[in-house]
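The primary structure of each chain is shown beneath.
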Number of protein chains: 2
Amino acid sequence: MSISHTSFLTLENFEGFENAEKYASFVPKLEAYRKKLEDAILPEYSIELPGDIDELKTKQFNPLKYIYEKNLLSEAEFNITDTPASELVPKLAKGELTAVEVFRAFAKRATIAHQFTNCAMEIFNDEGLERAKYLDEYLAKEKKPIGPLHGLPISLKEHMHYKGKATHAGYVSLVDNITPKHGNTTQILENLGAVFYIRTNEPQTLMHLCSNNNFVGAARNPHNLGLSPGGSSSGEGSIVGFGGSPIGIGSDIGGSIRGPAAFSGCIGLRPTSKRVSLAGGVSSGAGQESVPAVQGPMTRSVDDIDFWMSIYINQGKPWETDCNVIPLPWRKVDVPKVDSLTIAVMYDDGLVKPTPPIQRGLKVTADKLSKAGAKVVEFKPIKTKLAYDTVHKMYCCDGNDAQKSLLAESGEPLTKLTQWNLNFGDGGRPFSITENRQLNIIRDALKQEYTDFLNENKIDFILSPTYNNVAPRPEEIYNWSYTSLFNILDLPTLAFQTGLFQDPKVDKWDDSHSTYEFRSDLEKLELDNYIPENFTGAPIGLQLSGRRYFDEEVVAAGKSITKALGADLYKVY
Amino acid sequence: MSISHTSFLTLENFEGFENAEKYASFVPKLEAYRKKLEDAILPEYSIELPGDIDELKTKQFNPLKYIYEKNLLSEAEFNITDTPASELVPKLAKGELTAVEVFRAFAKRATIAHQFTNCAMEIFNDEGLERAKYLDEYLAKEKKPIGPLHGLPISLKEHMHYKGKATHAGYVSLVDNITPKHGNTTQILENLGAVFYIRTNEPQTLMHLCSNNNFVGAARNPHNLGLSPGGSSSGEGSIVGFGGSPIGIGSDIGGSIRGPAAFSGCIGLRPTSKRVSLAGGVSSGAGQESVPAVQGPMTRSVDDIDFWMSIYINQGKPWETDCNVIPLPWRKVDVPKVDSLTIAVMYDDGLVKPTPPIQRGLKVTADKLSKAGAKVVEFKPIKTKLAYDTVHKMYCCDGNDAQKSLLAESGEPLTKLTQWNLNFGDGGRPFSITENRQLNIIRDALKQEYTDFLNENKIDFILSPTYNNVAPRPEEIYNWSYTSLFNILDLPTLAFQTGLFQDPKVDKWDDSHSTYEFRSDLEKLELDNYIPENFTGAPIGLQLSGRRYFDEEVVAAGKSITKALGADLYKVY
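As the structure is a prediction and not an experimental result, all values here were calculated from the model. (Residues numbered from 1 in each chain as written. Chains lettered and ligands numbered in written order. Predicted model: local features only at pLDDT ≥ 70, side-chain atom pairs only at ≥ 80, totals over all residues. Heavy atoms only, no water.)

**A closer look at the overall build of chain A**
Now for step 1: Helix and strand content of chain A: 20 helices and 13 strands.
Now for step 2: What you see for chain A is a C-alpha radius of gyration of 22 Å, in line with the 25 Å of a compact globule of 573 residues.
Now for step 3: Summarising its shape, the C-alpha atoms of chain A cover approximately 65 × 65 × 50 Å along the three principal directions.
Now for step 4: For chain A, the proportion of contacts with a sequence separation of at least 24, taken over those separated by at least 6, is 82%.
Now for step 5: As presented, chain A carries roughly 19700 Å² of accessible surface, and 51% of it is formed by carbon and sulfur atoms. (Helix = DSSP H or I, 4+ residues; strand = E, 2+ residues; numbered from the N terminus. Rg over C-alpha atoms; globule rule 2.2 N^0.38 Å. Contact = heavy atoms within 4.5 Å. Areas by Shrake-Rupley, 256 points an atom, 1.4 Å probe, with all protein chains shown as cover.)

**Notes on the pattern of salt bridges**
Now for step 1: As enumerated under the stated definition, the model contains 67 salt bridges over all chains in all.
Now for step 2: Residues K559 of chain A and D306 of chain A are paired through a salt bridge, measuring 2.7 Å at the closest nitrogen-oxygen approach. Highlighted residues: K559 of chain A in helix α20 (residues 551–564) and D306 of chain A in helix α12 (residues 302–315), separated in sequence by 253 residues.
Now for step 3: A relative accessible area of 22% places D306 of chain A in the partly exposed class.
Now for step 4: Close ionic contact of D398 of chain A with R437 of chain B constitutes a salt bridge, the shortest N to O distance being 3.2 Å. (Salt bridge = Lys/Arg side-chain N within 4 Å of Asp/Glu carboxyl O. Buried < 20%, exposed > 50% of the residue type's maximum accessible area, 1.4 Å probe, protein only.)

**Some points on helix α13 (residues 356–371) of chain A**
Since the α-helix advances by 3.6 residues per turn, residues separated by three or four positions end up pointing in the same direction.
All names here are of chain A.
Now for step 1: Taking 1.5 Å per residue, 16 residues should reach 22 Å; α13 reaches 22 Å between its end C-alpha atoms and fits that length.
Now for step 2: Along α13, the positions that sit buried rather than exposed are P356, P357, I358, G361, L362, T365, A366 and L369.
Now for step 3: For α13, the elements touching its buried residues are β9 (342–345), β10 (375–378), β11 (461–465), β12 (493–501), β13 (539–545) and α20. (Expected span 1.5 Å × (residues − 1).)

**Digging into the UniProt feature "binding site: substrate" (unreviewed entry) in chain A**
Residue and element names in this part refer to chain A.
Now for step 1: In the numbering used here, UniProt assigns the "binding site: substrate" (unreviewed entry) feature to L206, S232, I253, G254, G255 and S256. Sequence-wise these annotated residues cover 51 residues; spatially they are packed, their C-alpha atoms never more than 11.0 Å apart.
Now for step 2: Counting through the fold element by element, L206 comes out in the loop between β5 (195–200) and α10 (234–242).
Now for step 3: Each residue touching L206, except ones within four places of it in the same chain, is listed here: K157, H159, A169, S232, S256 and V282.
Now for step 4: Along the polypeptide, G254 turns up in the loop between β6 (247–252) and α11 (258–264).
Now for step 5: The exposure class assigned to G254 is buried, which follows from its relative accessible area of 0%. (UniProt positions renumbered as here; feature names shortened; annotations may be inferred.)

**Comments concerning the UniProt feature "domain: Amidase" (unreviewed entry) in chain A**
Now for step 1: In the UniProt entry, the feature "domain: Amidase" (unreviewed entry) is given for residues 101–554 of chain A.
Now for step 2: Across residues 101–554 of chain A, helical content stands at 35% and strand content at 14%; the span's end C-alpha atoms are separated by 34 Å.

**Overview of the interface of chain B and chain A**
Now for step 1: Every contact between the two is made by 38 residues of chain B and, on the other side, 38 residues of chain A.
Now for step 2: Summed over both sides, the interface between chain B and chain A buries roughly 3000 Å², with carbon and sulfur atoms accounting for 51% of that surface.
Now for step 3: For chain B, the biggest contributors to the area lost against chain A are C323, I433 and R437 of chain B; these three give 24% of the whole.
Now for step 4: For the interface between chain B and chain A, the tally reads four salt bridges.
Now for step 5: Put simply, chain B and chain A have 22 residue pairs in polar contact (both at pLDDT 80 or more) between them.
Now for step 6: For the side of chain B that touches chain A, the secondary-structure elements that each account for two or more residues are α14 (384–395) and α17 (433–456) of chain B.
Now for step 7: A breakdown of the residues in the side of chain B that touches chain A according to their chemical character gives 15 nonpolar, 13 polar and ten charged. (Buried area = accessible area lost by both parts, 1.4 Å probe. Polar contact = N/O pair within 3.5 Å; in protein donor to acceptor, adjacent residues only side chain to side chain. Nonpolar A, V, L, I, M, F, W, Y, C, P; charged D, E, K, R; others polar.)

**Observations concerning the packing of aromatic side chains**
Residue and element names in this part refer to chain A.
Now for step 1: If you walk through the whole model with that rule in mind, you get 40 aromatic pairs over all chains.
Now for step 2: Relative to Y138, the ring of Y134 has its centre 6.3 Å away and its plane inclined at 50 degrees; by these criteria the two rings are tilted. Of this pair, Y134 and Y138 both sit in helix α8 (residues 125–142), four residues apart, which is roughly one turn of that helix.
Now for step 3: By relative accessible area, Y134 is classed as partly exposed at 43%. (Phe/Tyr/Trp six-rings, centres within 6.5 Å; stacked < 30°, edge-to-face > 60°.)

**A word on the sheet that holds β13 of chain A**
All names here are of chain A.
Now for step 1: The eleven strands lie next to each other as β1-β5-β2-β6-β8-β7-β12-β13-β11-β9-β10, forming an open sheet whose pairing is mixed. Unpaired on one side and paired on the other, β1 (120–123) and β10 mark the two borders of the sheet. Direction aside, the axes of adjacent strands within the sheet are offset by 30 degrees on average.
Now for step 2: Judged from the seven bridges that link them, β12 and β13 form a sheet pairing that is antiparallel. (Pairing = 2+ DSSP bridges. Axes fitted to C-alpha atoms, helices over the stretch in contact; angles between N-to-C directions.)

**Observations concerning unusual backbone geometry**
All names here are of chain A.
Now for step 1: For the bond running from G231 to S232, omega is 5 degrees, close enough to zero to count as cis.
Now for step 2: Of note in the backbone geometry, Q60 takes a positive phi value of approximately 50 degrees without being a glycine.
Now for step 3: As for its position among the elements, Q60 is in the loop between α3 (53–58) and α4 (63–69).

**Here we look at the side chain of T342 of chain A**
Now for step 1: Tracing the backbone through its elements, the reader meets T342 of chain A in strand β9.
Now for step 2: What T342 of chain A contacts, discounting residues up to four positions off in sequence, is K375, K458, I459, D460 and F461 of chain A.

**Remarks on the environment of A93 of chain B**
All names here are of chain B.
Now for step 1: Along the chain, the position of A93 falls in helix α6 (residues 85–94).
Now for step 2: A93 sits in the partly exposed class, given a relative accessible area of 27%.
Now for step 3: When sequence neighbours within four positions are dropped, the list of residues in contact with A93 reads L139 and P145.

**Some words on the packing of helix α14 (residues 384–395) of chain A against helix α18 (residues 481–488) of chain A**
For any two helices packed against each other, one specifies the inter-axial angle together with the distance between the axes.
Residue and element names in this part refer to chain A.
Now for step 1: For the pair α14 and α18, the least separation of the axes is 9 Å and the interaxial angle reads 75 degrees. What the angle tells us is that α14 and α18 run roughly perpendicular. Counted together, T384, A387, Y388, T390, V391, M394 and Y395 of α14 and S481, S484, L485, N487 and I488 of α18 form the full contact between these two elements.
Now for step 2: Residue composition of the contact of α14 with α18, by class: seven nonpolar, five polar and no charged. (Parallel < 35°, antiparallel > 145°, perpendicular 65-115°, else oblique.)

**Overview of the relation of the copies chain B and chain A**
Now for step 1: Screw-axis analysis of chain B against chain A gives a translation of 0.0 Å along the axis, an RMSD of 0.0 Å, and a rotation angle of 180 degrees. Here the transformation between the copies is reduced to the relation of a two-fold axis.
Now for step 2: When the interface residues of chain B are mapped onto chain A, 100% of them again fall at the interface, so both copies present the same face. (Least-squares fit on C-alpha atoms with pLDDT ≥ 70 in both.)

**Looking at the nonpolar core**
In a soluble, globular protein the nonpolar side chains are often hidden away together inside.
Now for step 1: Residues I154 and L189 of chain A together with I154 and L189 of chain B are the most contacted members of the largest nonpolar core, which totals 322 residues.
Now for step 2: What I154 of chain B contacts, discounting residues up to four positions off in sequence, is L149, L189, A194, V195, F196, Y197, S245, I247, I249 and W308 of chain B. (Core = buried A, V, L, I, M, F, W, Y, C linked by side-chain atoms within 4.5 Å.)

**Concerning the side chain of D551 of chain B**
Now for step 1: Turning to its location among the elements, D551 of chain B is positioned in helix α20 (residues 551–564).
Now for step 2: With residues up to four places along the chain from it excluded, the contact list for D551 of chain B reads P271, T272, R275, W330 and P492 of chain B.

**Some remarks on the pairing of β9 of chain A**
Residue and element names in this part refer to chain A.
Now for step 1: By the alternation rule, side chains of β9 split into T342 and A344 and I343 and V345, which are all buried.
Now for step 2: By the bridge criterion, three bridges tie β9 to β11 in an arrangement that is parallel. Bridge pairing links V345 to L463 in β11.

**Section: the sheet that holds strand β7 (residues 267–270) of chain B**
Residues and elements named next belong to chain B.
Now for step 1: Spatially, eleven strands are ordered β1-β5-β2-β6-β8-β7-β12-β13-β11-β9-β10 in an open sheet, and the strand pairing comes out mixed. Only two strands of the sheet have a single partner each, and these edge strands are β1 (120–123) and β10 (375–378). Along the sheet, successive strands turn relative to each other by an average axial angle of 30 degrees, direction set aside.
Now for step 2: Sheet topology places strand β2 (residues 153–157) next to strand β5 (residues 195–200); four bridges connect them, and they run parallel. The residue bridging L156 from the neighbouring strand is R199, located in β5.
Now for step 3: Along the sheet, helix α8 (residues 125–142) makes contact with β1 and β5, crossing β5 at roughly 160 degrees.

Structure (structure tokens):
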């Protein structure tokens, strides 16, 4: 396995924990895992694909457009799956729609999503259908919904514990790790009335902004099969972007909700830490507290983000079952008028210059917001290099011991981006606790500096790219600087759509690029990768960050902004 | 320096960082520091002591009783200093009392407190008086108070940064560490209208439940000069217990608010973490996040705790200037009826049995609450040994590098309890980050186990000792198990008074104690120390813990409980 582009990095010799002999004993289990997934593609929900997947990838095929063009769902199914969750739920509660018909529509669209994008780790439509039937019976008998999410299908990133199923987080060594109960958020959603039917694809170790793993391989982008949906909530990006799930639950420690949301044409919120319960999940970062991981929703409209957060927090009361969650109610915040907003735009973080489609996305967004009366100022990034170096050291400060031992237990081959992430920070060097504390002190100083900047300049929000590019080609995403900045700062950040898509004819490098002096090898690696013809039709998403714990304001502003952009999606095409 | 009692511990050889030659250069600075403190005892505020301090210590003299018996303050001064802060503030706001007369009364009582108890690190009554004059002029001119704490004197634990003054946290090496601005909480209190005049005593390293240091030496207990006020918010215990300050700000990572409050006859709240800003303070624990440190108020009534928290949080909005503070408003909670409460009483934590006065305090409290209709059940401690071992490892998991280097820079002699605390956990062994993460995982499991216990058994609060004994003799307090349990669990905990005091005639070991089998060397060390005659008149305080982030409920219940006990103090004697 070689990483030709990354020769500037001294790669460790990882052979120590690749072990073909050991791995051989896991291969039959992986084959059984894949077989089970294949068998779960039921005839009543699936279609015949318009060609071989490799061929569709090469053609940069757009499956989402295709299902509309070919009317692959019935009108009723399209109606259901193109209705926002916040509108579906009252219809389900009143019995205007049955849980079964809603479930079947999503099961069909999810199955097609999987056929095209490989979004699933596991599909269990039989269990979903049974649950939907139970809910219909409940409503008929009790004359009231079981809870405020009665009958709503929700997709789950695989690494969240699921009762009675294996939970592995992309580690082969955990293929038999049957978790006896649901993770806390999953249980809360079930109590609120949700229907589960799919657990979604994620990369080996979870520490890629992509999706490759030794279980089922990489997921694909629902707007262009030649591209990645991003990661690590890869399958959530694919399925929600494709419309196979109205709400998906992802997680984010370096961009893993926002990347997939932006790349796959949907919306994702990285909430401030400790608002959504993380209890009950597999992660190599257990006990790591310097960069907080979060879970959060991925949807097809900002309204649905608000809807989910409000019900999950205010009615799910996650602090009652997880003492690490803060009992901060989700406040009802008025949607602000665009002309009341002051927005600082980060056109370039000083580390890796955005590619032409992202430059265009930023410019069009800034112009539209300015025209709508917003005060738009340029944001000169504050110590982004220090932030990037610090967050990478934090990810790896155990010398990657946790990742390495989970990998070594199976001897599984390392994917390209696992090798890349094992080189983050100081690579394999374990830090001392004194060094870790120093990193925490730097982090807190950075957090305060950004907070003071916002306060002193009366900035409401920071608008920035989620990545220097649109959706990457598979395993060609190396730079996390745009997203991980808001992980180390722990600012609530909403990835949203501009309504624009990459266009190879428009989104070309300008003349000055030929003489551009790269500021680092990383920048050269990333920007050399941008060949306009390879990214046809990729959605152009951006992110909006606000003050710590003021997630409600970020979401409310996201509503105004997407409306001003004409990108308050529900249906993209 | 020897620790005869602790021969069961293998003490490290700490000579390496005691260095007489290096220290010699600091001695003149320390002499100047002490001289400045002595000079700050102004004639108009001070008294002639009724004897030599050493003699008063031997006699277990009670200076608080003495000032009432001898009428050492004028009636007006007594009236002012015996009025709760929540009642003083409206009078100040209306001009019924001037800031100057309030200040002078407290300056006098604080100065006498210091003469008896050595509660101060630094006194600056001149600056306090100037500020009070300014506030009176402001009120006269503007016809409104400057803020909701207009004219209220507040005492501050020394390690909080103070603008233009040295801040050292008991480390001689920091004697010249002039901090350019106030710590965040200090600044907020100043903005709200507080008057500062004293910074209080604390131990070397801050990591003792006592107060000895090389700056000004140990503080003494305001109810018995032969005893310690506890620590590390030692001076706050002494001054607030004596009535020299209506509200003091302490900090707590192992019991440092609750010990001094319970021992010195006052009330103290260890809030849930991140509700009160810690930004801007000296601590060897900077960047340490496994056990959260907190700041919190010490007062002479539970009402005043509520008063301070409400104004500080709701009007001070500490999250605006410190992004690590959670914007959780301080909720107004109805004071519950005692007969609505379910209280689990921890009579013994399974590690160190409480001494007779604490046993009596628990029993009397449980009986009175039962009689008032509360449901009182016995609390069988959950994994207290694991919790205690884990929290001690967390304190020291940097191998005590931070403490050691701050000590080594001056070569200052180590006090007895510094040597003790440098042996916590695995003593000088630095942990790996992987080990630290494991400790965090254990901690979170413990937190959840306690939370589940409360929920499953419908327990509202846990009532427990703050320590196995009443106020200790100087530097004879080794066990932190009762307080540190609630630091590792991060549960809001209120130290309060039962209204009872140690009585050597009553509080004797019962017959069974002569054959008691000590469960550890630590227990033997602690219990052998309890000779009834040595603790005459020590206040008997306890603590009440509630659910994480539900500080308001703990404080409201504290009001009911102290009322039921007839110990809703303001004036003790």
